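Chain by chain, the residues:
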Amino acid sequence: MRVEPNPVVTNPVFSKFETELQVRPDDIDMYQHVHSSRYMDYVLAARFDQMERCYQMPMAEFQKHGFGWVMVAAQMNFKRPLLLGDRFTVRTWIEEFTATGVNVRFEILRAATGKLCSDGRIDYAMIAADSGRAVRIPDWIRAKYSV
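Throughout this description, residue numbers start from 1 for each chain and increase along the sequence as written. Predicted model: local features are reported for residues with pLDDT of at least 70 only, side-chain atom pairs are reported and counted for 80 or more only, and whole-chain, interface and lining totals are derived from all residues. Calculation of side-chain values draws on the structure's entire complement of heavy atoms; hydrogens and water are dropped beforehand.

**Quick notes on the overall build of the protein**
- Broken down by element type, the protein carries three helices and five strands.
- Secondary structure counts use DSSP, requiring at least four H or I residues in a row for a helix and at least two E residues in a row for a strand, with both numbered from the N terminus. Seen in sequence order, the protein has helices and strands lined up from the N terminus as β-α-α-β-β-β-β-α.
- Summarising its shape, the C-alpha atoms of the protein cover approximately 65 × 45 × 25 Å along the three principal directions.
- A 1.4 Å probe rolled over the protein chains alone gives each residue an accessible area, and that area as a share of the maximum for its type sets the label: buried under 20%, exposed over 50%, partly exposed in between. Within the protein, buried positions represent 38% of all 147 residues.
- Expressed as a percentage of contacts within the protein between residues at least 6 apart in sequence, the contacts between residues at least 24 apart total 68%.
- Using a 1.4 Å probe, accessible areas were evaluated by the Shrake-Rupley method; residue-level cover was limited to the displayed protein chains. Carbon and sulfur atoms make up 53% of the accessible area of the protein, which amounts to about 8,900 Å² in all. The contact rule is simple, with two residues in contact once any of their heavy atoms fall within 4.5 Å.

Okay, here's the thing in structure tokens:
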């Protein structure tokens, strides 16, 4: 009896979206560059913008259906500092869906040079707003975000 090898399963490729932001004075730390915690704020601001503008499903729509998103893990790598007044692009994309969550990759690039300042990954879980417990992502939401 001949056994066929398992087919190769590839992950789908999801769209990458970009949001442009600028470093503000209150983002600067005592070393005169952006404080590390602000990079997370930048990614969250970009995702919020992109949910509405690019996926056509803002956070309010999730809340209307009784869902929310919570961060469960994050990895952030710092390559070069952003400085006061720098304009930069936050590029994000879905790397993969899990049963109850999504893994989002990101890059933060200085606009003037296109050089990478930070990159990483954030894992989010979908929760039921009334209980705060993780729930399976409905197929209609997966379809909306599988662009």
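Moving on, there is more to tell.
**Digging into helix H1 (residues 36-53)**
- Helix length check: H1, at 18 residues, gives a terminal C-alpha distance of 27 Å against a target of 26 Å (1.5 Å per residue), a fit within 8%.
- Among the residues of H1, Tyr39, Met40, Tyr42, Val43, Ala46, Arg47, Gln50 and Met51 are the ones counted as buried. Angularly, the buried residues of H1 cover 165° about the axis, an arc narrow enough to put them on a single face. What a helix should span is 1.5 Å times the count of its residues minus one. The directions from the helix axis to the C-beta atoms form the arc being described.

**Here's the deal with the environment of Ser146**
- With respect to the element layout, Ser146 can be found in the segment after helix H3 (139-145).
- For Ser146 and Phe14, which are 132 residues apart along the polypeptide, the C-alpha to C-alpha distance reads 6.3 Å.
- Residues within four places of Ser146 in sequence aside, it is in contact with Phe14 and Phe97.
- Contacts described as polar in this section are N or O atom pairs within 3.5 Å, which, within protein, must combine one atom able to donate a hydrogen with one able to accept it, while residues neighboring in sequence count only if both atoms come from side chains. Side-chain polar atoms of Ser146 contact the backbone oxygen of Arg142, separated by 2.6 Å.

**Thoughts on the pairing of strand E4 (residues 101-110)**
- Buried residues dominate E4, accounting for nine of its ten residues.
- Here strand E3 (residues 87-97) runs beside E4; their pairing, made up of nine bridges, is antiparallel. Across the sheet, residue Arg91 finds its bridge partner in E4, namely Glu107.
- Two strands are counted as paired when DSSP detects at least two bridges linking them. Between E3 and E4, which pair antiparallel in sequence order, lie three residues.
- Judged from the nine bridges that link them, E4 and strand E5 (residues 116-128) form a sheet pairing that is antiparallel. Looking across to E5, one finds that Leu109 is bridged to Leu116.
- Here E4 hands over to E5 after five residues, with Gly114 in that stretch at a positive phi of 75°.

**Here's the deal with the pairing of E3**
- As paired elements, strand E1 (residues 16-22) and E3 share seven bridges and run antiparallel to each other. Paired with Glu20 across the bridge in E3 is Thr89.

**Let's talk about the nonpolar core**
- Throughout this description, the term nonpolar core refers to a set of buried Ala, Val, Leu, Ile, Met, Phe, Trp, Tyr and Cys residues connected via side-chain atoms within 4.5 Å. By size, the foremost hydrophobic cluster in this structure holds 32 residues, and its most contacted members are Tyr42, Phe62, Leu82, Ile108, Ile141 and Tyr145.
- When contributions to this core are tallied by element, the ones reaching two or more residues are H1, helix H2 (59-64), strand E2 (67-78), E3, E4, E5 and H3.
- It is H1 that contributes the most residues to this core, six residues altogether.
- Ignoring sequence-local partners within four residues, the contact set of Tyr145 consists of Phe14, Arg47, Met51, Tyr55, Met57, Phe62, Ile94 and Phe97.

**Points about the packing of aromatic side chains**
- Side-chain rings of Phe, Tyr and Trp, where Trp is taken by its six-membered ring, are said to pair if the distance between their centres is within 6.5 Å; with planes under 30 degrees apart they count as stacked, over 60 as edge-to-face, and otherwise as tilted. Scanning the entire structure with this criterion turns up eight aromatic pairs.
- With a centroid separation of 4.1 Å and 20° between ring planes, the pair formed by Tyr55 and Tyr145 is classed as stacked. Here Tyr55, found in the loop between H1 and H2, pairs with Tyr145, found in helix H3; they are 90 residues apart in sequence, far enough to count as distant. The same class applies to Tyr55 as to Tyr145, namely buried.
- Within the aromatic cluster, the residues linked to one another by ring pairs are Phe17, Tyr55, Phe62, Trp69 and Tyr145.
- Geometry around Trp93 places Lys16 over its ring, the cationic atom sitting 4.2 Å from the centre. Counted as over-ring charges are cases with an Arg CZ or a Lys NZ within 6 Å of the ring centre that also lie within 35 degrees of the ring normal.

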